[in-house]
Amino acid sequence: MYWKLKIPLLLGVIGIISGLVQKFPNLFLVNTSYFFRSAIFIGLIGIIFTILENTKVNEKKVHFTIGVGIILFGIIFDYLMA
């Protein structure tokens, strides 16, 4: 069974960006208001996902286990960086 990488990469990117923002808050404008921090977080995910869409990386098909592995990597990365 094969998947397109769209959903696994989206969930993996969300996990990785979330972990990085938690571990290095000074890098992502920690002294701003909560609204701006949320906008920066969503903007980073949007920019990365747009780059993946434009380079057609999301259209590649991979085996189901690789997709699940990408999702689990994002979740574990987020958990370990907290």
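Values in this document were obtained by computation on a predicted structure and should not be read as measured data. (Residues numbered from 1 in each chain as written. Predicted model: local features only at pLDDT ≥ 70, side-chain atom pairs only at ≥ 80, totals over all residues. Heavy atoms only, no water.)

Draft legend 1. Molecular detail of the packing of aromatic side chains. Per the stated rule, a full pass over the model turns up 3 aromatic pairs. Seen in terms of ring centroids, tryptophan 3 and phenylalanine 64 are 4.9 Å apart; in terms of plane orientation they differ by 75°. Their pairing is edge-to-face. Of this pair, tryptophan 3 sits in strand β1 (residues 2-4) while phenylalanine 64 sits in helix α3 (residues 64-81), and the two are 61 residues apart along the sequence. According to the relative accessible area criterion, tryptophan 3 is partly exposed, its value standing at 24%. Overall, phenylalanine 64 belongs to the partly exposed group, its relative accessible area being 32%. (Phe/Tyr/Trp six-rings, centres within 6.5 Å; stacked < 30°, edge-to-face > 60°. Helix = DSSP H or I, 4+ residues; strand = E, 2+ residues; numbered from the N terminus. Buried < 20%, exposed > 50% of the residue type's maximum accessible area, 1.4 Å probe, protein only.)

Draft legend 2. Spatial organisation of helix α2 (residues 34-54). With 21 residues, α2 ought to run about 30 Å at 1.5 Å a step, and its terminal C-alpha atoms sit 30 Å apart, in line with that. Positive phi shows up at lysine 56, right after α2, with a value of about 65°. (Expected span 1.5 Å × (residues − 1).)

Draft legend 3. View of the nonpolar core. By size, the foremost hydrophobic cluster in this structure holds 7 residues: Leu5, Leu9, Val13, Ile17, Ile45, Leu52 and Val62. Elements with a contribution of two residues or more to this core: α1 (6-23) and α2. With 3 residues, α1 is the single largest residue contributor to this core. Among residues more than four places away in sequence, those in contact with leucine 9 are Leu52, Val57, Asn58 and Ile70. (Core = buried A, V, L, I, M, F, W, Y, C linked by side-chain atoms within 4.5 Å. Contact = heavy atoms within 4.5 Å.)

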